[in-house]
Amino acid sequence: MDMKKLSMQVDLDSFIPATDEEKEYIVTMRPSSTFFQDGVKRFMKNKVAVVSLIIIVIITLSSILIPMFWPYSYDQMLGVQTGRPVDPSFKNLEPFEYGRSEIAAMEAGEKVFPHVFGTDASGRDYFIRVVYGTRISLAVGFFASIIVLIIGLLIGSIAGYAGGAVDLIIMRIVDIIYSLPDMLMVILLASVLKQTLAGALDGTILEHIGSNIISLFVVFALLYWVSMARLIRGQILSLREQEYVMAAEATGARPGWVIRKHLLPNCISVIIISTALQIPNAIFTESYLSFLGLGVNAPMPSLGSLASDALNGLASHTFLLIIPAIVISLIVLSLNLMGDGLRDAFDPKLDT
Amino acid sequence: MDSKTALYIVKRLILAVFTVWVVITITFFVMRAVPGGPFLSEKAISPAAQAQLEAKYGMDKPLMTQYFTYLKDVVTRMDFGPSLKQRGRQVIEIISDGMRTSAKLGVIAAVAALISGVVLGAFAALRRNKLIDRIIMVITTAFVSMPSFIVGTLLLVLFAMVLHWLPANGSTGRGLILPIVTLALYPMAYITRLTRSSMLDVLGQDYIRTARAKGVSKRAVLFKHALKNALIPVITYFGPMLAYIVTGSLVVEQIFAVPGIGRQFVSSITNRDYPMIMGTTIILATLIVIMNLVSDILYKIVDPRINLE
């Protein structure tokens, strides 16, 4: 082959497509798996995390499904019937005990649905109250985390991507909110918002949810987004130095596009994990506030308010406290263990 | 101390002062935003009497004037004004009364948590993956997942009502045991886990092997080389621990009827005693901010390798 000085010295023969015979030699041992599949596989190997996941699924499903067919409702006082004097025999029933009128009905041959956990001091079926309280606590935890996620995501990605003065100002605000003692601020805001919102919410759809839960969400939206924002900013700062971001910018991509298409998908695992770990935190805070009387509005139960109500008859009816205590600890524990499992599976780089 | 550390300390100090100011400001304006004001719950009050009350507490002046007066009083004299519900008493008196009991509880709980946490954590690390390590980890995981009000009430039921070993009322002597244990359990569990993981980290370092190879006794390696370094991360937990104990004491004092600051705070929230709420929030928040500051600075001084930026 004669050498032309200014050519690329490429032998064109090397670029002929492979024949079918040659293709046979390429052996695929197994189909390549994606990052997500790898993560799921790693997660499934972690027995503790899988068991926690199953427990959470069972608790969540039963808190949604059981109220559909349970014959009692959470605010129905069984001893109170219109046109009749209050029947005190329904108050504080032990598990599987019945009220006087129910015993009479059973003797007459009717079937009466048992009170699996007995009743509370107002004669309400305790099982359905616990189920309902679980539902409320889970919902509060979930939505509070979503709020935190959205705000943290928005502000964190703006700070990380914009950099400069914007970043500086946002991060100083984050620093200050971060150093505020969160629980005290939560109590302060919850105790005031409760009263401020109660009037403002009358007549709207939000009234149904109750001013206390709304104020809880407001508090979360105001205070708890900072660690999420910090995390996402850090991720974006390191990701935006990557070549593919530079390539996208060079081809004229707008900032919104780069954030949505390149930066966020690459920190998605970090985002999911910290959201998952935020849920038990929110449940913890809600139950704490409910215990101080700043949580859900009565008669709506939450696990914290059930435990708090149970304090009054503690000596004689200990199980009224034990049941919500077990449920709440189980939920928080499983969520924490599952979050740890998710972190180990999807973010091998990140430790503790 | 090099100039970089000094700069860091100055920065942290400024942030701390600023944070306290933000807390005072938020508290003031949030409280003033309450509809109806602090005298709402007074029954059948005439407008004249209302105006008189407002004049007495300086609430008839413009908001910003009130704010600056409040800020000045708080900063210069720690004066939070009189309590609205406990007539004739200054907020700061009530707080310092309650603080005496609460501080005793809190300090004992913190020291107990620190000592037992470090001992258990180091022990678990040395017996890594043995049965005893597993047991310690399971128990601490459980404690970390249980809210303090649950732990408190369960302890109350078990020791005061079923076994009758300890009194349920926590105002004096033996009665303080249960509230202290309740407060200490969570930080203890946390410190145990922290110490264990940092101890495992340190034990894997080269200098431990070097020390052993040089013939230093096992005990000396453990205490002089390993534990000393493993304890550094525990310093960072001082601030959060105080924050936990403060918020924990709100419910714990409620459960065990301890006459401390937490109980005062909760009852001032229920009867809407605004000067009390403001005063207590500001004092407790300042304490937490100071503790965070101290633990951050201590951390930086103890281990100059750490880059906190």
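Small disclaimer: the values here were computed from a predicted structure and weren't measured. Each chain carries its own residue numbering, running from 1 in the written order of its sequence. Lettering for chains starts from A, numbering for ligands starts from 1, and both go in the order in which the items are written. Per-residue local features of the predicted model are confined to residues with pLDDT of at least 70, and side-chain atom pairs are confined, for both listing and counting, to 80 or more; whole-chain, interface and lining totals are unaffected and use all residues.

**Details of the overall build of chain B**
Next, step 1: Segments assigned H or I by DSSP are reported as helices when at least four residues long, segments assigned E as strands when at least two residues long, and all are numbered from the N terminus. Counting its secondary structure elements, chain B contains 13 helices and 0 strands.
Next, step 2: Counted from the first residue to the last, chain B has its helices and strands arranged as α-α-α-α-α-α-α-α-α-α-α-α-α.
Next, step 3: With respect to the principal axes defined by its C-alpha atoms, chain B has extents near 85 × 60 × 30 Å.
Next, step 4: For chain B, buried positions account for 39% of its 309 residues.
Next, step 5: In chain B, the share of contacts with a sequence separation of at least 24, taken over all contacts with a separation of at least 6, comes to 74%. Any residue whose C-beta has 12 or fewer other C-beta atoms within 10 Å is treated as exposed, any with 20 or more as buried, and any in between as partly exposed, C-beta atoms being built from the backbone. A pair of residues counts as a contact when their C-beta atoms, built from backbone coordinates, are within 7 Å of each other.

**Concerning the overall build of chain A**
Next, step 1: Within chain A, the regular secondary structure consists of 15 helices and 0 strands.
Next, step 2: Just to be clear, the radius of gyration here is over C-alpha atoms, and the globule rule we use is 2.2 Å times residues to the power 0.38. Expected size for 352 residues packed as a compact globule is a radius of gyration near 20 Å; at 29 Å, chain A overshoots this value by more than 25%.
Next, step 3: On the principal axes, the C-alpha backbone points of chain A span a range of 110 × 55 × 35 Å.
Next, step 4: Expressed as a percentage of the 352 residues in chain A, the buried residues total 38%.
Next, step 5: Taking contacts inside chain A between residues at least 6 apart in sequence as the whole, the part at least 24 apart equals 69%.

**Thoughts on the confidence of the model for chain B**
Next, step 1: Put simply, chain B has an average pLDDT of 83, and 93% of its residues get 70 or more.
Next, step 2: Per the prediction output, this complex has pTM 0.78; the corresponding ipTM is 0.78. pLDDT expresses how confident the predictor is about each individual residue, on a scale running from 0 to 100.

**Quick word on the environment of Glu97 of chain A**
All names here are of chain A.
Next, step 1: Here Glu97 shows up in the loop between α3 (47-69) and α4 (100-107).
Next, step 2: By the C-beta count within 10 Å, which is 15 here, Glu97 ends up partly exposed.
Next, step 3: Beyond its immediate chain neighbours, meaning those up to four positions away, Glu97 contacts His115 and Gly118.

**Examining the interface of chain B and chain A**
Next, step 1: Each partner contributes to the interface: chain B provides 37 residues, whereas chain A provides 33 residues.
Next, step 2: Of all the secondary structure elements, the ones that give two or more residues to the side of chain B that touches chain A are α1 (3-32), α5 (131-144), α6 (148-162), α11 (238-256), α12 (261-270) and α13 (274-302) of chain B.
Next, step 3: In terms of residue count, α1 of chain B provides more of the side of chain B that touches chain A than any other element does, 8 residues in total.
Next, step 4: Note that Gly is not counted as nonpolar here; it falls among the polar residues with everything else outside the nonpolar set of Ala, Val, Leu, Ile, Met, Phe, Trp, Tyr, Cys and Pro and the charged set of Asp, Glu, Lys and Arg. For the side of chain B that touches chain A, a count of residues per class yields 27 nonpolar, 10 polar and no charged.

**Topic: unusual backbone geometry**
Residue and element names in this part refer to chain B.
Next, step 1: Of note, the phi angle at Met78 is positive, near 50°, even though the residue is not glycine.
Next, step 2: Relative to the helices and strands, Met78 resides in the loop between α3 (63-77) and α4 (91-126).
Next, step 3: A positive phi angle, near 65°, is found at Asn129, a position not held by glycine.
Next, step 4: Summarising the element assignment, Asn129 is placed in the loop between α4 and α5.

**Brief notes about the environment of Lys111 of chain A**
Next, step 1: By the secondary structure assignment, Lys111 of chain A is in the loop between α4 and α5 (126-162).
Next, step 2: Spatially, the C-alpha atoms of Lys111 of chain A and Tyr25 of chain A are 73 Å apart, while their sequence positions differ by 86 residues.

**Points about α5 of chain A**
Next, step 1: Helix span, expected: 1.5 Å multiplied by one less than the number of residues in the helix. The terminal C-alpha atoms of α5 of chain A lie 53 Å apart, and with 37 residues this matches the ideal 54 Å at 1.5 Å per residue to within 8%.
Next, step 2: With respect to burial, α5 of chain A is a largely interior element, 26 of its 37 residues being buried.

**Topic: the packing of helix α6 (residues 164-179) of chain A against α1 of chain B**
Next, step 1: Following both chains from N to C, one finds α6 of chain A and α1 of chain B inclined at 70°, their axes separated by 9 Å at the closest point. Considering the angle they form, α6 of chain A stands roughly perpendicular to α1 of chain B. Contacts from Asp175, Ile176 and Ser179 of chain A of α6 of chain A reach α1 of chain B at Leu15, Phe18, Thr19 and Val22 of chain B.
Next, step 2: Of the residues in the contact of α6 of chain A with α1 of chain B, the class split is 4 nonpolar, 2 polar and 1 charged. Axis definition: a line fitted to C-alpha atoms, over the contacting stretch in the case of helices. Angles run 0 to 180 degrees between N-to-C directions. Any angle from 65 to 115 degrees is called roughly perpendicular, while one under 35 is roughly parallel, one over 145 is roughly antiparallel, and all others are oblique.

**Concerning the environment of Met246 of chain A**
Next, step 1: On the secondary structure map, Met246 of chain A appears in helix α11 (residues 243-250).
Next, step 2: Between the C-alpha atoms of Met246 of chain A and Val258 of chain A, which are 12 residues apart in sequence, the distance is 9.6 Å.

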